[in-house]
Amino acid sequence: MSPNLDSPVQTEMAVAVFKSPLGGGDYRGTNRMESKATGRRRVFVQTETGCVLGMELDRSDSAHTVKRRLQLALNFPIEESSLTFGDMVLKNDLTAIRNDSPLLLTRNFLHRSSSTPCLSPTGRDIQQRDQSGPIEILGHSTRFTKSKQLVKEIVKAVKNGIDPIPVHSGLGGAYYFRNVRGESVAIVKPTDEEPFAPNNPKGFVGKALGQPGLKRSVRVGETGFREVAAYFLDYDHFANVPPTALVKITHSIFNVNDGVSGNKPQTKKLVSKIASFQQFIPHDFDASDHGTSSFPVSAVHRIGILDIRILNTDRHAGNLLVRKLDRAGQFGQVELIPIDHGLCLPETLEDPYFEWIHWPQASIPFSDDELEYIGNLDPVRDSEMLRSELPMIRDACLRVLSLCTIFLKEAASYGLCLAEIGEMMSREFRSGEEEPSELEVICIEARRLVAEEMLSPKSQTDFDEFQFDIDCEDGGYEFTPKLTSEDFGMGMPFHFGFGSVNGRAPLSKLEESVEEEGSEGEEEKGAKPDYGYLASSSSGHRSANEQLPPSASFVKLADMNEVEWGLFLEKFQELLNPAFAKRKSITLGQRQRQRLGTSCKF
C-alpha cells in the first residue's frame, strides 16, 4: 500500500545553525571529495519543525548513532522518533544514504504538535563537525555548473553587506539573493516556509511537514525537489527551465516562527535552511500581462510538452515569464521562461492546470523536431535519472511521470496536437461535480482489466497480494464515465458499482487517502478490491488545506506491486489507440470546457 499523505514520513525541510559559516571562508566545494576519500559522508538531519543539524558520518555509524547525536544537540527524544529518507524508514543500516543527503527525524506519536520550537544545539563536538559553508548545493549533478557560479557570486555579495530581498507576493516564503552589483541573480524558497509549513512567514501555517499541502498529492515541504526535478527533466534546455538546485543555505533573513500560531520572533538570528535555488531570469512581464498571440508556437509547444510529462497542476500565466527580444531582426519577438514547478509530479493522478490549453498555438500540430524530441523520451531512463539525482523522490511520483510520458509519446505518435492531449488529461466540471479525465478513465479501465486477470484461476495464487483498502461512507458508488468499454472495443457495459446500492453519490465527495504501509496483517484486515480508483473518506479532522477546493482522486498508481504495475502499463497502452480515435472524432466546435480554476501562485 502507498504511504499515507497524513503520515510523518517526509523528506527535506529547514535548519538551526551552530556557528556563522560566513566567517569560515568561501563556499567549500572540496568538502565532498575529501569526505568521499576518507569514507565519511556529510548529511543534513532535519526535524519536522524546521531544525537542521549537519553532521559527518563514519562507515560504522548507524541510525541510532545519528539519533543519539541529535538528542545531545537538539534535546530531541529519540525513543519517540523515526529517521526517514523519502519513502524509507531507516532502522539501522545507513549504507544507502549518500553524501549530502537530507534526512528527516519525526516524532511517532499521532498527536505530535508542530509547536515545538527550534532548539539551539548544545553538543560542542557536534558544533565543531559542521563545516558547511554559507551555501551548499546538495547533490553532484554535472548540470549544477551555473548554480555553482551563482553561489560564488552570492557569497561574495553577502560578505560585502548586500542582503537578500524578501518576495512579498505569493503564499510561501521566497527571497531574491543578489550579486555585488545589487542585481537579483537567484530566488530561494525554503522548504519549511511553503504554504502551511511551520515557518511560513505569511500566516499560512498549521501543518506538519509531510502532510497534504495546496494539492493533496504534494506534501508540505516537498515542492523544493520537484523544482529541481523539472530542471533535470528539461533535457537540452528544451523548455527553457532556469538552472535549479537544492541547497542548504544560511542567512538571518529567513523566517522562524514561535510555535504553531506562526508568531515571529523579535530578533533575527542566523538560520540555515534547505531550499530550492533557482537562477533569477530578468524579464519584462509575465503571460498574464501580455497578449498571447505574440508567443512563439515552438515555445508554447515545448513548455506544454514538459507540463504534460510532469503533470503540472499549476501552469498559470503568472509562472510563465516573458522577455522581449528586441535585438536586430527580432523586433516584437518574445521568449518564454517557465518557472514555479513545485506542484508537478504529484503522488496520484491529479487535475492539471494548463494555461496554454486554449491558446491557438496549442492547436497547431507538432513540428518534426518536436516529434523527434518526444519520440526520444524514455520514461525508464527518466525515472532512473531522478532516483540517482534526487533519491528522496517518492516512487509514486515516478509512476506518474512514467504514465504521463507514455501517454504523451503515444498521443503525439497518433497525431494528436498539444491542446487535444491536454484536454484528455483535464477533468470536466459538470453540474457542480468533478468528473474524471479521459486519461483517468483509461487508467480505471486498465486497473479493472488487471484486477480481472489477477483474479483469474491462473492468477489465483497471487490474489493475496492484490488487495486494496476501500472505505465508502454510503456503501457504494456507481458512475458512467465519458468513455465506455465500447470505445475500447469491448462488448460489456463500462461502469463500476460496489454493493447493491441503487443510489448514486457524487464523485466529488471521494477524497484521496493514500495509506502508509503498515503491518501485513493490518493491510489484509477488512481489505476489499477497489481496482485502485476509489479512495477512503476524510478522517474527520480539519486541516489547513480545507480552505482550498478539494481534489478527488479517481485512480491510484502507488498501491500496485511491480508485477501489477507492469501489467497495468501493458493494458494501459492497449487502450490508448481507441481513446485517441474517440478524441479525434470529436468535432472542432466542441463546447469549451468549464474549468475548476484552482490554480494557486507560490
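Per an unreviewed UniProt entry, the chain carries the name 1-phosphatidylinositol 4-kinase and comes from Sesamum radiatum. According to the UniProt record, the Sequence similarities (unreviewed entry) comment for the chain reads "Belongs to the PI3/PI4-kinase family. Type II PI4K subfamily."

Spatially, 6 strands are ordered β6-β10-β11-β9-β8-β7 in an open sheet, and the strand pairing comes out antiparallel. The strands lining the two open edges of the sheet, one partner per strand, are β6 (135–137) and β7 (165–166). Pairing of β7 with strand β8 (residues 175–178) involves 2 bridges; the strand directions are antiparallel. By the bridge assignment for β8, Pro166 is matched with Tyr175. Where helix α5 (residues 224–233) meets the sheet, its contacts fall on β9 (184–190), β10 (244–251) and β11 (271–279), and the angle it forms with β10 comes to roughly 140°.

Mean pLDDT for the chain: 75, with 65% of residues reaching 70 or above. Within the model, pLDDT remains below 50 along residues 1–38, and this stretch shows 157 contacts once partners closer than five positions in the same chain are excluded. Across residues 109–129, confidence stays below pLDDT 50; counting only partners more than four residues off in sequence or on other chains, it has 46 contacts.

Tracing the backbone shows Ala229 in helix α5. Looking at Ala229, the relative accessible area reads 0%, which means it is buried. For the pair Ala229 and Ala245, spaced 16 residues apart in the sequence, the C-alpha separation amounts to 9.0 Å. When neighbours within four sequence positions are excluded, Ala229 is seen to be in contact with Leu345, Leu386 and Leu390.

Inspection of the secondary structure assignment puts Asn179 in the loop between β8 and β9. For Asn179, a relative accessible area of 2% puts it in the buried group. Through-space distance from the C-alpha of Asn179 to that of Lys152 is 9.1 Å; in sequence the pair is 27 residues apart. Once you skip the residues sitting within four places of it in the chain, Asn179 turns out to touch Glu153, Ala157, Ile162 and Val185. A polar atom in the side chain of Asn179 sits 2.9 Å from the backbone nitrogen of Glu183.

Turning next to the sheet that holds strand β13 (residues 320–325). In space, the 3 strands of this open sheet follow the order β12-β13-β14, with antiparallel pairing throughout. Each end of this open sheet is capped by a strand with a single partner; those strands are β12 (285–286) and β14 (333–338). Across 6 bridges, β13 lies against β14 in antiparallel orientation. Across the sheet, Arg323 pairs through a bridge with Glu335, a residue of β14.

Right, let's get into the packing of helix α7 (residues 368–376) against helix α9 (residues 395–414). Two numbers describe how α7 lies on α9: the axes approach to 9 Å, and their chain directions differ by 140°. It follows that α7 is oblique to α9 by the angle criterion. Relative to α9, the crossing made by α7 is left-handed. Residues Leu371, Ile374, Gly375 and Asn376 of α7 touch α9, and the partners they reach there are Leu408, Lys409 and Ala412. Here the contact of α7 with α9 is composed, by residue class, of 4 nonpolar, 2 polar and 1 charged.

About the thresholds
- Residues numbered from 1 in each chain as written.
- Predicted model: local features only at pLDDT ≥ 70, side-chain atom pairs only at ≥ 80, totals over all residues.
- Heavy atoms only, no water.
- UniProt positions renumbered as here; feature names shortened; annotations may be inferred.
- Pairing = 2+ DSSP bridges.
- Helix = DSSP H or I, 4+ residues; strand = E, 2+ residues; numbered from the N terminus.
- Contact = heavy atoms within 4.5 Å.
- Axes fitted to C-alpha atoms, helices over the stretch in contact; angles between N-to-C directions.
- pLDDT = per-residue confidence, 0-100.
- Buried < 20%, exposed > 50% of the residue type's maximum accessible area, 1.4 Å probe, protein only.
- Polar contact = N/O pair within 3.5 Å; in protein donor to acceptor, adjacent residues only side chain to side chain.
- Parallel < 35°, antiparallel > 145°, perpendicular 65-115°, else oblique.
- Left-handed = near helix turned anticlockwise from the far one by under 90°.
- Nonpolar A, V, L, I, M, F, W, Y, C, P; charged D, E, K, R; others polar.

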